[in-house]
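Topology and contacts: notes
Residue-level listing of the chains:
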Amino acid sequence: MNQPKIPQATAKRLPLYYRFIKNLSLSGKQRVSSAELSEAVKVDSATIRRDFSYFGALGKKGYGYNVNYLLSFFRQTLDQDDLISVALIGVGNLGTAFLNYNFTKNNNTKIEIAFDVDESKIGTKISGVPIYHLDDMEKELPENVKLAILTVPSHVAQAVTDRLATTAIEGILNFTPARINVPEHIRIHHIDLAVELQTLVYFLKHYPK
Ligand SMILES: NC(=O)c1ccc[n+]([C@@H]2O[C@H](COP(=O)([O-])OP(=O)(O)OC[C@H]3O[C@@H](n4cnc5c(N)ncnc54)[C@H](O)[C@@H]3O)[C@@H](O)[C@H]2O)c1
């Protein structure tokens, strides 16, 4: 699908919209207004209208948006028809929780394979996902796996990333507090709970409800 470049902030909100619209469609609803969407996803309706306008998805005054149109549109935009296969590195507390969760509500995203260095975990499975030794990563990582979730101790995060950079991996979701350097061809997103909480505290203080 040919798409114009959209702002990153808009792109980040798309999965949020998609999830809500999918539920609407499942419940048989045919149309939705930007005000209803706004209430559900907690994004102001002017922002929603602007976001949607990037795709030429224009709601009609007094009618709103057609749910099925939006659904097929978001599906294509977010490549929801393609299977997203993920590798997880570091099967500790957090990694194990992710394997057990394994995007159960999102049937196109799946952690397919996991790696660790702890011998007691190698060769076992968690929720059906096989765990291999990190030493075998280059050998075992399937070519179709382009994303990795990093849940290793922070002091090994850079070394593990350097290894990932030599594989087919193109995107890394880093849950460790380490700030990691990646080569040009890899995109890295950091999810730092402490930073997120600090941001929330800041907003509570400066923009109280
Ligand atoms: N537990 C949490 O709630 C939480 C929340 C946010 C962020 N984090 C971060 O996520 C990371 C993991 O946290 P955790 O609590 O699951 O830690 P953990 O110690 O329980 O798990 C780490 C796992 O990584 C494995 N490991 C160690 N070296 C490795 C290597 N070189 N290659 C592959 N695997 C290796 C260990 O064997 C272990 O299974 C940490 O960086 C932590 O700061 C944890």
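Thresholds, definitions, all that
Residues numbered from 1 in each chain as written. Predicted model: local features only at pLDDT ≥ 70, side-chain atom pairs only at ≥ 80, totals over all residues. Heavy atoms only, no water. Phe/Tyr/Trp six-rings, centres within 6.5 Å; stacked < 30°, edge-to-face > 60°. Helix = DSSP H or I, 4+ residues; strand = E, 2+ residues; numbered from the N terminus. Buried < 20%, exposed > 50% of the residue type's maximum accessible area, 1.4 Å probe, protein only. Axes fitted to C-alpha atoms, helices over the stretch in contact; angles between N-to-C directions. Parallel < 35°, antiparallel > 145°, perpendicular 65-115°, else oblique. Contact = heavy atoms within 4.5 Å. Nonpolar A, V, L, I, M, F, W, Y, C, P; charged D, E, K, R; others polar. Pairing = 2+ DSSP bridges. Left-handed = near helix turned anticlockwise from the far one by under 90°. UniProt positions renumbered as here; feature names shortened; annotations may be inferred. Arc of directions from axis to C-beta. Core = buried A, V, L, I, M, F, W, Y, C linked by side-chain atoms within 4.5 Å.

**A few points about the packing of aromatic side chains**
Considering all chains together, one arrives at 11 aromatic pairs under this definition. Judged by centre distance (4.9 Å) and plane angle (75°), the rings of Phe52 and Tyr65 are edge-to-face. Of this pair, Phe52 sits in helix α3 (residues 45–53) while Tyr65 sits in strand β2 (residues 65–66); the two residues are 13 residues apart in sequence, bridging distant segments of the chain. By the burial criterion, Phe52 is buried, and Tyr65 matches it.

**Observations regarding the packing of helix α1 (residues 8–26) against α3**
With their axes 11 Å apart at the nearest point, α1 and α3 run at an angle of 105° to one another. As far as their axial angle goes, α3 and α1 are roughly perpendicular. Facing Thr10, Arg13 and Tyr17 of α1, the residues of α3 in contact are Thr47, Ile48, Arg50, Asp51 and Phe52. When grouped by side-chain class, the residues that make up the contact of α1 with α3 number three nonpolar, two polar and three charged.

**Details of the sheet that holds strand β6 (residues 129–133)**
Taken together, the seven strands give an open sheet; going across it, the order is β5-β6-β4-β3-β7-β8-β9, and neighbouring strands pair in mixed fashion. Of all strands in the sheet, those with a lone pairing partner are β5 (125–126) and β9 (187–190), marking the two edges. Each of β3 (84–89), β7 (147–150) and β8 (171–174) touches helix α7 (residues 154–164); the most contacted strand, β7, lies at about 170° to it.

**Some words on the packing of α1 against helix α4 (residues 67–77)**
In the contact formed by α1 and α4, the axes pass within 9 Å of each other and the chain directions differ by 140°. Taken together, α1 and α4 sit at an angle that is classed as oblique. Crossing of α1 over α4 shows left-handed handedness. Counting all contacts with α1, which are made through Leu14, Tyr17, Tyr18, Ile21, Lys22, Leu24 and Ser25, the residues of α4 involved are Val67, Asn68, Leu70, Leu71, Phe74, Arg75 and Thr77. Tallied by class, residues from the contact of α1 with α4 come to nine nonpolar, three polar and two charged.

**Thoughts on the UniProt feature "binding site: NAD(+)" (unreviewed entry) in the chain**
Within this numbering scheme, the UniProt entry marks Gly90, Val91, Gly92, Asn93, Leu94 and Gly95 as carrying the feature "binding site: NAD(+)" (unreviewed entry). For Leu94, the position within the fold is in helix α5 (residues 93–101). Those residues within four positions of Leu94 in sequence are excluded, and the remaining contacts are Thr151 and Phe175. Inspection of the secondary structure puts Gly95 in helix α5. With near-sequence residues (within four places) excluded, Gly95 lies in contact with Leu88, Gly90 and Thr151.

**Examining α3**
For α3, every residue scored as buried is listed here: Thr47, Ile48, Asp51 and Phe52. Taken around the axis of α3, the buried residues stretch over an arc of 130°, which confines them to a single face. The secondary structure elements touched by the buried residues of α3 are α1, α2 (34–41), β2 and α4.

**With respect to the nonpolar core**
Grouped together as the largest cluster of nonpolar side chains are 21 residues, with contacts concentrated most on Ile89, Leu150 and Leu164. If you list the elements that add at least two residues to this core, you get β3, β4 (109–116), β7 and α7. Ranked by residue count, the leading element in this core is α7, at three residues. Contacts of Leu150, omitting those with residues within four sequence positions, involve Ile89, Ala157, Val160, Thr161, Leu164, Ile172, Leu173, Asn174, Phe175, Thr176 and Ile180. Core analysis: the second largest hydrophobic core is formed by 19 residues, Leu24, Val32, Val43 and Phe52 among them.

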